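The chain contents come next:
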Amino acid sequence: RLAAGAPGRALDQAGEGLANRRAIRDELLSILSGPVGGIFAYTSKLCSGSLQQCMPRLEETIDVLQDLLRDAAVVGSGAQLDLIHADRRDVIEGWARRLWPTGIVRIQDAMTELQDGIVVNVMGKTLADQLLTRVQAELGKVPTQESASSSSSSSSAIGPCPGSTPSTAPARTSDRTAPHR
């Protein structure tokens, strides 16, 4: 299911590959539900060393995030497809309620910006910070300094949220500069 019919991807995920992706997913979900300082600590670790050293870790994190967004889109759209992260359906349903459809598009845009920035050698950490804080904002979790001290590792910020409202994150600058009719 995770390999989506791609034999090369299936080989990459054989053995420790799948366990590594789950560990990345769980750490990603944890930092997204905590204070923004956790994102900065995570990206410092993720992007330590040269860009060549950072890239494989960053790409794997982006792949996991894309899988989570794909699952949220499946649930949000009502498509009858298997979930990649079926073991975290509670989180996926919460993401779908918060992100479907416009939040997913904005996060995908942020991922494209990250990939474009890496091509022109912008610092990977800066781009990863921007992406993950965007995801956190889209999920409606914009922590303050006070919440940093009272935060726990629970997934309440990213799990189910009955009666939640769609994302209210600001539009990208390019979206705001378009002429209004």
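Structure: see above.
Below you will find a few notes about this structure. (Residues numbered from 1 in each chain as written. Predicted model: local features only at pLDDT ≥ 70, side-chain atom pairs only at ≥ 80, totals over all residues. Heavy atoms only, no water.)

Turning our attention to the packing of helix α4 (residues 51-77) against helix α7 (residues 124-138). Any two packed helices are characterised by the angle at which their axes cross and by the distance between the axes. Where α4 contacts α7, the axes come no closer than 11 Å and their chain directions differ by 15°. The orientation of α4 relative to α7 falls into the category roughly parallel. Every pair of crossing elements has a handedness; the one defined by α4 and α7 is left-handed. Touching L51, L58, I62 and L65 of α4 are G124, A128, L131, L132 and V135, all from α7. Across the contact of α4 with α7, the residue classes break down as eight nonpolar, one polar and no charged. (Axes fitted to C-alpha atoms, helices over the stretch in contact; angles between N-to-C directions. Helix = DSSP H or I, 4+ residues; strand = E, 2+ residues; numbered from the N terminus. Parallel < 35°, antiparallel > 145°, perpendicular 65-115°, else oblique. Left-handed = near helix turned anticlockwise from the far one by under 90°. Contact = heavy atoms within 4.5 Å. Nonpolar A, V, L, I, M, F, W, Y, C, P; charged D, E, K, R; others polar.)

Here we come to the pattern of salt bridges. With the rule as written, the count across this model stands at eleven salt bridges. A salt bridge links E27 to K45, with the shortest nitrogen-to-oxygen separation between them at 2.7 Å. With E27 in helix α2 (residues 16-32) and K45 in helix α3 (residues 36-46), this residue pair connects regions lying 18 residues apart in the sequence. Taking the relative accessible area as the measure of exposure, E27 reaches 31% and is therefore partly exposed. In the salt-bridge network here, residues are joined through shared partners; they are R25, D26, D87, R88 and D90. (Salt bridge = Lys/Arg side-chain N within 4 Å of Asp/Glu carboxyl O. Buried < 20%, exposed > 50% of the residue type's maximum accessible area, 1.4 Å probe, protein only.)

Across soluble globular proteins, you tend to see nonpolar side chains buried next to one another. L28, L58, L65, W95 and L131 are the most contacted members of the largest nonpolar core, which totals 38 residues. When contributions to this core are tallied by element, the ones reaching two or more residues are α2, α3, α4, α5 (89-99), α6 (102-119) and α7. The greatest single-element share of this core, amounting to eleven residues, is contributed by α4. For L28, the contacting residues outside a window of four places in its chain are Y42, T61, V64, L65, L68 and L132. (Core = buried A, V, L, I, M, F, W, Y, C linked by side-chain atoms within 4.5 Å.)

A cluster of nonpolar side chains, V119, V120, V122 and M123, forms an exposed patch at the surface whose accessible area comes to about 410 Å². Summarising the element assignment, M123 is placed in the loop between α6 and α7. Overall, the relative accessible area of 58% leaves M123 in the exposed class. (Patch = residues over 30% accessible without salt bridge, like charges linked within 9 Å, V, L, I, M, F, W, Y side chains within 5 Å. Areas by Shrake-Rupley, 256 points an atom, 1.4 Å probe, with all protein chains shown as cover.)

Moving on to the packing of α6 against α7. Contact pair α6 / α7: the axes reach a minimum separation of 9 Å and the direction vectors enclose 175°. If you check the angle between α6 and α7, you find them roughly antiparallel. Taken together, the residues of α7 that come into contact with α6 (itself represented by G103, R106, I107, A110, M111, E113, L114, G117 and I118) are L127, A128, L131, R134, V135 and E138. Of the residues assigned to the contact of α6 with α7, the class counts are nine nonpolar, two polar and four charged.

Moving on to the environment of A72. Along the chain, the position of A72 falls in helix α4. Separated by 27 residues in the primary sequence, A72 and L99 have C-alpha atoms spaced 7.6 Å apart. When near neighbours in sequence (up to four residues on either side) are disregarded, A72 contacts I92, W95, A96 and I104.

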